[in-house]
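Coordinate analysis (summary)
In case you want the letters, here they are:
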Amino acid sequence: MSERQNAFTIKTNRLSDEVYNKLATHAKSRRLGDYISSLILRDLDDSSTGKKAIEDKKTYEMLEHIKNELADLKTLAKTTGFIGNDSFEEEEPSKVPQLKEGKIADLENISGSLDDDDLEEYNDF
């Protein structure tokens, strides 16, 4: 950042009388710097609020688009018979017996094997 200037020059001949009088009033009360600073801070806040408003508008537009797409999908599902079709009923859980704690397991069908490498991994226990 460059070094700050001690003062700025305002060309008053380009200002309306109303603006000039307002600035002159603040300058006489030695509060012109505070007044200008408050105006700039307000502008900065308004610009960030403006950005937020634009983001909110985009979010709203995306939400509306999603709602429209969802309505189209629902209509399509109804016309194709997808909704209300009983072929998609919830399936029953498989009837495989579940092992519970304390139950003796029936190990008739054992599969798998151990290699010498597997045995070496567990030698340090």
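Residues numbered from 1 in each chain as written. Predicted model: local features only at pLDDT ≥ 70, side-chain atom pairs only at ≥ 80, totals over all residues. Heavy atoms only, no water.

**Quick look at the overall build of the protein chain**
Across its full length, the protein chain holds three helices and zero strands. Helices and strands appear in the protein chain in the N-to-C order α-α-α. The proportion of buried residues among the 125 residues of the protein chain is 3%. Carbon and sulfur atoms make up 53% of the accessible area of the protein chain, which totals about 13000 Å². (Helix = DSSP H or I, 4+ residues; strand = E, 2+ residues; numbered from the N terminus. Buried < 20%, exposed > 50% of the residue type's maximum accessible area, 1.4 Å probe, protein only. Areas by Shrake-Rupley, 256 points an atom, 1.4 Å probe, with all protein chains shown as cover.)

**A short note on a nonpolar patch on the surface**
The grouping of Ile-10, Ile-36, Ile-40, Leu-41 and Leu-44 at the surface amounts to a nonpolar patch, some 450 Å² of accessible area in total. Within the fold, Leu-41 resides in helix H2 (residues 32-80). Look at Leu-41 and you get exposed, because its relative accessible area is 56%. (Patch = residues over 30% accessible without salt bridge, like charges linked within 9 Å, V, L, I, M, F, W, Y side chains within 5 Å. Salt bridge = Lys/Arg side-chain N within 4 Å of Asp/Glu carboxyl O.)

**A word on unusual backbone geometry**
Unlike most non-glycine residues, Arg-30 shows phi in positive territory, near 60°. With respect to the secondary-structure elements, Arg-30 resides in the loop between helix H1 (17-28) and H2.

**Overview of the pattern of salt bridges**
This structure, assessed with the given rule, holds two salt bridges. The partner of Lys-67 in a salt bridge is Glu-64, and the shortest N-O contact between them spans 3.6 Å. Of this pair, Lys-67 and Glu-64 both sit in helix H2, three residues apart, which is roughly one turn of the helix. With relative accessibility at 46%, the residue Lys-67 sits in the partly exposed group.

**Comments concerning H2**
Every α-helix winds through 3.6 residues per turn, so residues three or four apart in the chain are directed the same way. Across its 49 residues, H2 extends 72 Å between first and last C-alpha, which sits within 8% of the 72 Å expected from 1.5 Å per residue. Gly-81 lies just past H2 and shows a positive phi near 80°. (Expected span 1.5 Å × (residues − 1).)

**Regarding the side chain of His-26**
Examined against the element boundaries, His-26 turns out to sit in helix H1. A relative accessible area of 19% places His-26 in the buried class. Residues contacting His-26, with those up to four places away along its chain left out, are Arg-31, Leu-32 and Tyr-35. (Contact = heavy atoms within 4.5 Å.)

**Points about the confidence of the model for the protein chain**
Confidence in the prediction for the protein chain averages 78 pLDDT; 71% of positions are at 70 or higher. Averaged pLDDT values over the elements of the protein chain bottom out at 70 in helix H3 (residues 116-121) and peak at 90 in H1. (pLDDT = per-residue confidence, 0-100.)

**Details of H1**
Taking 1.5 Å per residue as the helical rise, H1 with its twelve residues ought to reach 16 Å, and the 16 Å between its terminal C-alpha atoms agrees with that figure. For H1, the full list of buried residues reads Leu-23, Ala-24 and His-26. An end-on view of H1 places all buried positions within 165° of arc, on one side of the element. Turned more than 90 degrees away from the buried face of H1, the exposed residues are Asp-17, Glu-18, Thr-25 and Lys-28. Note on H1: the residue one or two positions beyond its end, Arg-30, has a positive phi of about 60°. (Arc of directions from axis to C-beta.)

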